Amino acid sequence: MSRARCHLRAALFLAAVSSRGATTGVAARRVLSAWPAPQEPGMEYQDAVRTLNTLQTNANYLEQVKRQRGDPQTQLEAMRLYLARSGLQVEDLDQLNIIHITGTKGKGSTCAFTERILRSYGLKTGFFSSPHLVQVRERIRINGQPISPELFTKHFWRLYHRLEETKVDLAVMEVGIGGAYDCTNIVKKPVVCGVSSLGIDHTGLLGDTMEKIAWQKGGIFKSGVPAFTVLQPDGPLAVLRDRAQQISCPLYLCPPLEALEEGGPLLTLGLEGEHQQANAALALQLARCWLQQKGYRDTGELKASRPSLPGQLPLAPVFQPTSHMQHGLRDTEWPGRTQLLRRGPLTWYLDGAHTTSSMQACVRWFRQALQSRERLGGGSEVLVLLFNSTGDRDSAALLKLLQPCQFDYTVFCPNLTEVSSTDNADQQNFTVTLDQVLLRCLAHQQHWSRLHEDQASPEPGGPAPLLLAPRPAHTHSASSLVFSCISHALQWISQGRDPVFQPPSPPRVLFAHPVAGSGAVVLQEAAAIHVLVTGSLHLVGGVLKLLEPSLSQ
């Protein structure tokens, strides 16, 4: 595989979006048009996505690149070259009204809140985010909606052929992590920048401490461009402050959401969970700053300012959110994050938490949602965990955080909707092998079993187990299963009781294991089944593809 082809994924998403109004994420102008996509053989959407997938570095080559990684600064230089070959220059990006957001968790939700607020002002928005849940075109949104398959196909092939005609051999880039050396950081003149909550993630690329990660994330700061951050731990916050000072970037600390609500109406958020309040507070500051710099007057009345402590970051303004801002927060939708689907006796709780801090937030949300649910008059309630974790993440640490929920059954499966993904290009991943993902699922199961073996000596001061009554009688440590794909896992969990997810009769192998057989009876007879799907956004996306077929249309 040519190394140059590995760059096309990044260039595609940098060069395939256009907007005349407010823009969140990374976008480029003068690319979209109203002309229909060319109708040529091999130009269908799935063909385009399959070709895009061939640009994914295969697993063996990826390991080689990680061992031989050179100067990360070359990634930005390579991105400039690829942007030029696509017909654009960095100066073209500088003409856009970009809001650049980074962080470890919550940056997608923050973007969703910000974008919806700006749309409530009547602005046209473009929104780039990664990864996608169901279809790759979700990564590029115009006015909140993924671009059409036809539009994606049209611009994919045009850009693909242009880069193929001028291909050269360059070093490989990593894409989508965010920070100093990410390909999106070629944007030099954003209107405003934001930093969501930081945590330990992508340590192989960003560093193994919060301070190192903060240094990387602070790399998006630009001289003279205002930036805002949510409250961070002292060490990372100090790094962000020093980074901003070195770059001459005015950095402000967001006040909590309750400070904006004080003396005004309570703000209703379209996304559930206490952790979304910090994302909403950051989004309000970003949207207000953008609006003010573009000459808008209706940006919220200032309240009494709160003085900053010596040596601390200056506090961002405390203001009364406008009606447009309130409506934007309320109407925000961001699938796969603290999302509930109620289907007959089944309730699916979907959250793509994949770091320790985001998993803690996920567990709080799940427990609160269970405690506030409608109580049943009789019959048993069953709790099921569907889990997977990928990359260099510490799955044992994530599973330990989930243990107090006292799941009756725990199911592990790879992020594959079906055993064979050849008919589903949007879910293909060539960076890992099938053997690797199945072995990782078995490792998850072993971690889970060891956690239950240690449960006899619980740590003092830990969270109390979540009690539901009545519960089926069985041993938790023996009640875990590994399935080869998401479809088989959902078939076993739902037992045909989900009115939307009605696949053909499951293969007999699904019930061959003793736990699968006895558990099937429990699930069939339960009055209510609560299923938490977490650990990976790709897992959540695969589940949504099967539970919500309309997302694939």
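Cut-offs applied
- Residues numbered from 1 in each chain as written.
- Predicted model: local features only at pLDDT ≥ 70, side-chain atom pairs only at ≥ 80, totals over all residues.
- Heavy atoms only, no water.
- UniProt positions renumbered as here; feature names shortened; annotations may be inferred.
- Helix = DSSP H or I, 4+ residues; strand = E, 2+ residues; numbered from the N terminus.
- Buried < 20%, exposed > 50% of the residue type's maximum accessible area, 1.4 Å probe, protein only.
- Contact = heavy atoms within 4.5 Å.
- Areas by Shrake-Rupley, 256 points an atom, 1.4 Å probe, with all protein chains shown as cover.
- Pairing = 2+ DSSP bridges.
- Axes fitted to C-alpha atoms, helices over the stretch in contact; angles between N-to-C directions.
- Polar contact = N/O pair within 3.5 Å; in protein donor to acceptor, adjacent residues only side chain to side chain.
- Phe/Tyr/Trp six-rings, centres within 6.5 Å; stacked < 30°, edge-to-face > 60°.
- Lys NZ or Arg CZ within 6 Å of the ring centre and 35° of its normal.
- 1 Å grid on protein atoms, 1.4 Å probe; cavity = no way out; pocket = protein on both sides within 12 Å on 5 of 7 lines; lining within 4 Å.
- Points joined across faces, edges and corners; volume = space filled by probe spheres on them.
- Nonpolar A, V, L, I, M, F, W, Y, C, P; charged D, E, K, R; others polar.
- Salt bridge = Lys/Arg side-chain N within 4 Å of Asp/Glu carboxyl O.
- Core = buried A, V, L, I, M, F, W, Y, C linked by side-chain atoms within 4.5 Å.
- Arc of directions from axis to C-beta.

- The protein goes by Folylpolyglutamate synthase in an unreviewed UniProt entry, where it is assigned to Phocoena sinus.
- Checking UniProt for the protein, the heading Pathway (unreviewed entry) contains the comment "Cofactor biosynthesis; tetrahydrofolylpolyglutamate biosynthesis."
- Under the heading Function (unreviewed entry), UniProt records this for the protein: "Catalyzes conversion of folates to polyglutamate derivatives allowing concentration of folate compounds in the cell and the intracellular retention of these cofactors, which are important substrates for most of the folate-dependent enzymes that are involved in one-carbon transfer reactions involved in purine, pyrimidine and amino acid synthesis."

## Focus: the overall build of the protein
Item 1. In terms of helices and strands, the protein carries 19 helices and 16 strands.
Item 2. Counting across all 553 residues of the protein, residues that qualify as buried make up 56%.
Item 3. Summarising the internal contacts of the protein: among those between residues at least 6 apart in sequence, 80% fall at separations of at least 24.
Item 4. Carbon and sulfur atoms make up 52% of the accessible area of the protein, which amounts to about 23500 Å² in all.

## Considering unusual backbone geometry
Glycine aside, residues mostly have negative phi, and peptide bonds are mostly found in the trans state.
Item 1. Residue proline 131 is reached from serine 130 by a cis peptide bond, and omega for that bond is 5°.
Item 2. Along the chain, the position of proline 131 falls in the loop between strand S3 (126-128) and strand S4 (140-142).
Item 3. You will see that asparagine 143, though not glycine, has its phi angle at about 55°, which is positive.
Item 4. With respect to the helices and strands, asparagine 143 occurs in the loop between S4 and strand S5 (145-146).
Item 5. With phi around 45°, threonine 338 is a residue other than glycine that occupies positive phi space.
Item 6. Among the secondary structure elements, threonine 338 is positioned in the loop between helix H13 (323-331) and strand S11 (339-343).
Item 7. Residue classification places threonine 338 among the buried residues on the basis of a relative accessible area of 4%.

## Let's talk about the sheet that holds strand S12 (residues 346-350)
Item 1. Strand order in the open sheet formed by 6 strands is S11-S12-S16-S13-S14-S15, with mixed pairing between adjacent strands. Only two strands of the sheet have a single partner each, and these edge strands are S11 and strand S15 (480-482). Across the sheet, the mean angle separating the axes of adjacent strands is 20° when strand polarity is ignored.
Item 2. Where S12 lies against strand S16 (residues 528-534), 5 bridges are found, and the strand directions are parallel. Bridging across to S16, leucine 346 finds its partner in isoleucine 529.
Item 3. Across the sheet, helix H15 (residues 395-402) touches strand S13 (381-387), strand S14 (409-412) and S16, and the angle it forms with S13 is around 165°.

## Here we look at the environment of serine 196
Item 1. With respect to the helices and strands, serine 196 occurs in the loop between strand S6 (192-195) and helix H8 (203-206).
Item 2. Take serine 196: its relative accessible area is 0%, and that puts it in the buried class.
Item 3. Apart from the residues lying within four places of it in its own chain, the contact partners of serine 196 are Thr102, Gly103, Thr104, Lys105, Gly106, Lys107, Thr110, Val230, Gln232 and Leu282.
Item 4. Engagement of the side chain of serine 196 in a polar contact is seen with the backbone oxygen of lysine 105, the distance being 2.9 Å.

## Overview of the packing of aromatic side chains
Item 1. For the coordinates displayed, the defined rule picks out 15 aromatic pairs.
Item 2. Taking 6.2 Å as the distance between ring centres and 10° as the angle between the ring planes, the aromatic pair formed by phenylalanine 152 and phenylalanine 156 counts as stacked. Of this pair, phenylalanine 152 and phenylalanine 156 both sit in helix H7 (residues 149-165), 4 residues apart, which is roughly one turn of the helix. When sorted by exposure, phenylalanine 152 lands in the same class as phenylalanine 156, which is buried.
Item 3. A ring pair is formed by phenylalanine 483 and tryptophan 492, whose centres lie 6.2 Å apart and whose planes are at 35°; its orientation type is tilted. By the burial criterion, phenylalanine 483 is buried, and tryptophan 492 matches it.
Item 4. Within the aromatic cluster, the residues linked to one another by ring pairs are Tyr45, Phe152, Phe156, Trp157 and Tyr160.
Item 5. Sitting above the plane of the phenylalanine 319 ring, arginine 288 keeps its charged end 4.6 Å from the centroid.

## Quick look at the layout of surface pockets
If a probe as big as a water molecule is rolled over the atoms, it shows which places are left empty.
Item 1. Here the second largest pocket defines a volume of roughly 720 Å³.
Item 2. For the second largest pocket, the lining is made up of 34 residues, of which Arg141, Gly144, Glu333, Trp334 and Pro335 are closest to its centre.
Item 3. When contributions to the lining of the second largest pocket are tallied by element, the ones reaching two or more residues are helix H6 (107-120), S5 and S11.
Item 4. Looking at which element gives the most residues to the lining of the second largest pocket, the answer is H6, with 4 residues.
Item 5. Among the residues making up the lining of the second largest pocket, the classes are represented as 12 nonpolar, 12 polar and 10 charged.

## Looking at the pattern of salt bridges
Item 1. Under the definition given, this model contains 8 salt bridges.
Item 2. Among the salt bridges present, the one from arginine 116 reaches aspartate 331, with a minimum N-O distance of 3.7 Å. Remark: aspartate 331 occurs in helix H13 and arginine 116 occurs in helix H6; sequence separation between them is 215 residues.
Item 3. When its relative accessible area of 18% is taken as the criterion, arginine 116 is described as buried.
Item 4. A residue is classified by how much of its surface remains accessible, and aspartate 331, at 28% relative accessible area, is partly exposed.
Item 5. The partner of aspartate 498 in a salt bridge is arginine 343, and the shortest N-O contact between them spans 3.2 Å.

## A closer look at the nonpolar core
Item 1. The biggest cluster of nonpolar side chains holds 37 residues, and the ones touching the most others in it are Ile117, Phe228, Leu257, Leu284 and Leu329.
Item 2. Among the secondary structure elements, those contributing two or more residues to this core are strand S2 (98-102), H6, helix H11 (257-261), helix H12 (276-293) and H13.
Item 3. When residues of this core are assigned to their parent elements, the largest contribution, 10 residues, is made by H12.
Item 4. Setting aside residues up to four positions removed in sequence, leucine 284 forms contacts with Ile117, Leu257, Leu260, Leu267, Phe319, Pro321, Met325 and Leu329.
Item 5. Counting 35 residues, the second-largest nonpolar core is a separate cluster that includes Leu341, Val384, Ala526 and Leu537.

## Remarks on H15
Item 1. Residues of H15 that are buried include every one of Ser395, Leu398, Leu399 and Leu402, and no others. Around the axis of H15, the buried residues are gathered within 95° of arc, so they sit on the same side.
Item 2. The elements touched by buried residues of H15 are helix H14 (356-371), S13, S14, helix H16 (434-453) and S16.

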